[in-house]
Amino acid sequence: MVSETRRPFQSDVLPNAFCVVVAERRLLKNLAYHLVGSVGVAEQVVIETYTGWYTMPAIQQDRIESPFTWLVGTLVRICIGLLESSPPRAGGQTADPTGRPHVADPPPQRWGPWRAAPVL
């Protein structure tokens, strides 16, 4: 029987491409969260963004110079679409039943400065 020398397994070493994808996804999710204000909706937006990328024909992907820029732009467009189609949020301008515009109550303060926001 031949004894095979194996390199010890290092659990803290991940392939570089995997680390890039994880960091990219985390950044996209944080951006979506700060745009839409919901962890669940942010996750759905990220999934929809990646679905758009991975279902795109390869020839169309090859024409895109910066995939990350495309992902961010698509994510922002999806978030804006969601915000435009949702009911007015607190602090935004609305109309009362007589049609006169008024400003809604200010949004409740969920946390302090942006640095205190949860990291996803």
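So, a few notes on the structure that sits alongside this text.

**Comments concerning the nonpolar core**
The biggest cluster of nonpolar side chains holds 14 residues, and the ones touching the most others in it are L28, A32, V45, L75 and C79. Those elements that place two or more of their residues in this core are helix 1 (16–36), helix 2 (39–54) and helix 4 (67–85). Take this core: its biggest share by element is five residues, from helix 2. Once residues lying within four places of it in the same chain are set aside, the contact partners of A32 are G37, A42, V45, L75 and C79.

**A look at the packing of helix 1 against helix 2**
Interaxial distance between helix 1 and helix 2 falls to 8 Å at its minimum, and their mutual angle equals 130°. Here helix 1 lies oblique to helix 2, going by the angle between them. The handedness of the crossing between helix 1 and helix 2 is right-handed. Residues V21, E24, R25, L28, K29, A32, Y33 and V36 of helix 1 pack against V39, V41, A42, E43, V45, V46, I47 and Y50 of helix 2.

**A look at the pattern of salt bridges**
A side chain with one charge may pair with a side chain of the opposite charge, provided their charged atoms come close. Under the criterion given, the structure shown has two salt bridges. Residue R25 pairs with E43 through a salt bridge whose shortest N-O separation is 2.4 Å. Within this pair, whereas R25 is found in helix 1, its partner E43 is found in helix 2, the two being separated by 18 residues in sequence. Relative accessible area serves as the criterion here: at 29%, R25 is assigned to the partly exposed category. A salt bridge links E43 to K29; the shortest N-O distance between them is 3.0 Å. With E43 in helix 2 and K29 in helix 1, the pair connects residues that are 14 residues apart, well separated along the chain. K29 shares its class with E43; the two are buried. Counted as one network, the salt bridges with shared partners bring together R25, K29 and E43.

Reading guide: rules and limits
Each chain has its residues counted from 1, running along the sequence as written. In view of the model being predicted, local features appear only for residues whose pLDDT reaches at least 70, and side-chain atom pairs are presented and counted only at 80 or more, with totals across whole chains, interfaces and linings using the full set of residues. Note that water and hydrogens are dropped before the side-chain values are worked out from all heavy atoms of the structure. We define a nonpolar core as any set of buried Ala, Val, Leu, Ile, Met, Phe, Trp, Tyr and Cys residues linked to one another through side-chain atoms lying within 4.5 Å. Classification of residues uses two cut-offs on accessible area relative to the type maximum, computed with a 1.4 Å probe and protein chains only: under 20% is buried, over 50% is exposed, and between them is partly exposed. Starting at the N terminus, helices and strands are each numbered in turn, a helix being any DSSP run of H or I of at least four residues and a strand any DSSP run of E of at least two. Note on contacts: a residue pair qualifies if any of its non-hydrogen atoms lie within 4.5 Å across the two residues. Axis definition: a line fitted to C-alpha atoms, limited for helices to the stretch in contact. Angles are taken between N-to-C directions and run from 0 to 180 degrees. Should an angle fall under 35 degrees it is called roughly parallel, over 145 degrees roughly antiparallel, and 65 to 115 degrees roughly perpendicular, with every other angle called oblique. Put simply, a crossing is left-handed when the front helix is turned counterclockwise from the back one by less than a right angle, and right-handed when it is turned clockwise. By definition here, a salt bridge exists when the distance from a side-chain nitrogen of Lys or Arg to a carboxyl oxygen of Asp or Glu is within 4 Å.

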